[in-house]
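Analysis of the macromolecular model
Single-letter residue listing:
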Amino acid sequence: ADAFAKEIYAKIFLWLVRTINDATCAENNYKGGSSIEYGLIGLLDIFGFESFPVNGFEQLCINYCNEKLQQKFTQDIFRTVQEEYRAE
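Notes on the structure follow. Note that the structure is predicted; figures quoted are calculated from it, not measured.

**Let's talk about the pattern of salt bridges**
Throughout the structure, instances matching the rule amount to three salt bridges. In this structure, E7 and K11 form a salt bridge, with 3.5 Å as the shortest nitrogen-oxygen distance. With E7 and K11 both in helix α1 (residues 2-24) and four residues apart, the pair spans about one turn of that helix. Look at E7 and you get partly exposed, because its relative accessible area is 42%. With its nearest N and O atoms 2.9 Å apart, the salt bridge here joins D76 to K72. Note that D76 and K72 are positioned in helix α3 (residues 57-87) at a spacing of four residues, about one turn of the helix. Residue class for D76 comes out partly exposed when judged on its relative accessible area of 28%. Taken together, the salt bridges that share partners define one network made up of K72, D76 and R79.

Cut-off values and rules
Position labels on residues start from 1 in each chain and follow its written sequence. Since the coordinates come from a predicted model, pLDDT governs what is reported: local features require at least 70, and pairs of side-chain atoms require 80 or more to be given and counted, while whole-chain, interface and lining totals use all residues. Based on all heavy atoms of the structure, the side-chain values leave hydrogens and waters out of the count. Just to be clear on terms, a salt bridge is a Lys or Arg side-chain nitrogen sitting within 4 Å of an Asp or Glu carboxyl oxygen. Secondary structure elements follow DSSP: runs of H or I of four or more residues count as helices, runs of E of two or more count as strands, with numbering from the N terminus. Burial status follows relative accessibility: with a 1.4 Å probe on protein chains alone, a residue under 20% of its type maximum counts as buried, one over 50% as exposed, and anything between as partly exposed.

If you want it as structure tokens, here you go:
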């Protein structure tokens, strides 16, 4: 049952990514799209630059966890600095 659920989830995730990519693809959505050279949009986070031809659900989970850890770290740092300023 778990393997079946994981496979269904993976298929739905791939469908969602393809649908979003198709909806935002400049080549498909603008006149003359095939004759114009478009750039690549990549994501840069604290853990580095990532550009994969295919991003799977596992990579999404890893990226999400990394971003949540970075958010917690940043909040903790700001809270500590604010407490130091109040103490002064």
